[in-house]
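Overview (structure and organization)
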Amino acid sequence: MSLFGLGEQFNTLQDLYVHLLKDLYSAEHQLTKALPKMAEASKSPDLRLAFETHLRETENQIVRLETIADKLGTSLSGYTCNGMKGIISEGSGWIGEDATDAVKDAGLIMEAQHAEHYEMAGYGSARTYAELLGHTDAVSLLQQSLDEEIAADSKLNTLASRINVAAQTQPLKV
Ligand SMILES: [Fe+2]
Ligand SMILES: [Fe+2]
């Protein structure tokens, strides 16, 4: 059984690079469906806005990946990222749990940061592969998306610094 269950042949770093782009493309598409649900489940207006803002960034990130794929003359569709599927499955489960407002939001932040760190790992590797392969335009696009993921994670850290404390001390208020 091959690693990704696709029977793909990986002979070069470029093959691995294209596979990683497919993984990210699937992950981003899955997030465009999950982020509105995370926003809707948020009790804090600030957290809801952060998810809505990141949804728009995510849509841009999909366009960047399509731009990279067009230049490579390849398609990124048809692959399912199981890593993000699992993270989103856990996040969906959390949305359905019975929790006080601040604890609910603290959990949403925790679940969302799992997704952000997964994306940061993917974009970091993809950016590095693009550098080695001499794909200068792709390096710039992937770095932009990586910077957005880092900023989104940092924003969640800022929100968590308030919401986690509320979850500990004032479970009914955010
Ligand atoms: Fe993303
Ligand atoms: Fe993200």
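Residues numbered from 1 in each chain as written. Chains lettered and ligands numbered in written order. Predicted model: local features only at pLDDT ≥ 70, side-chain atom pairs only at ≥ 80, totals over all residues. Heavy atoms only, no water.

Protein-derived coordination of the iron ion (ligand 1) comes from E28 (OE), E28 (OE), Q61 (OE1), E119 (OE) and E149 (OE), at a distance range of 2.0 to 2.3 Å. Within one chain, the residues serving as donors to the iron ion (ligand 1) are arranged as E-x32-Q-x57-E-x29-E. On the basis of relative accessible area, E119 is assigned to the buried category, the value being 1%. The class for E149 is buried, based on a relative accessible area of 0%. (Donors = N, O, S within 2.8 Å, 3.2 Å for Na, K, Ca; no water. Buried < 20%, exposed > 50% of the residue type's maximum accessible area, 1.4 Å probe, protein only.)

A few words now on the coordination of the iron ion (ligand 2). For the iron ion (ligand 2), the full set of protein donor atoms is H54 (NE2), E116 (OE), E116 (OE), E119 (OE) and E149 (OE), and the range of their distances to it is 2.0 to 2.7 Å. Each donor residue of the iron ion (ligand 2) belongs to the same chain, and together they define the spacing H-x61-E-x2-E-x29-E. Between the iron ion (ligand 2) and the iron ion (ligand 1) the interatomic distance amounts to 3.2 Å, and E119 serves as a bridging ligand to the pair. Of this pair, H54 sits in helix α2 (residues 45–72) while E116 sits in helix α4 (residues 101–133); the two residues are 62 residues apart in sequence, bridging distant segments of the chain. Judged by relative accessible area, which is 4%, E116 ranks as buried. (Helix = DSSP H or I, 4+ residues; strand = E, 2+ residues; numbered from the N terminus.)

The next point concerns helix α3 (residues 82–95). Its 14 residues give α3 an end-to-end C-alpha distance of 20 Å, which sits within 8% of 20 Å, the value for a rise of 1.5 Å per residue. Of all the positions in α3, only M84, I87, I88, G91 and W94 are classed as buried. For α3, the angular spread of buried residues about the axis comes to 110°, placing them on one side. Opposite the packed face of α3, turned more than 90 degrees from it, sit the exposed residues N82 and E90. Buried residues along α3 sit in contact with α1 (13–41) and α4. (Expected span 1.5 Å × (residues − 1). Arc of directions from axis to C-beta. Contact = heavy atoms within 4.5 Å.)

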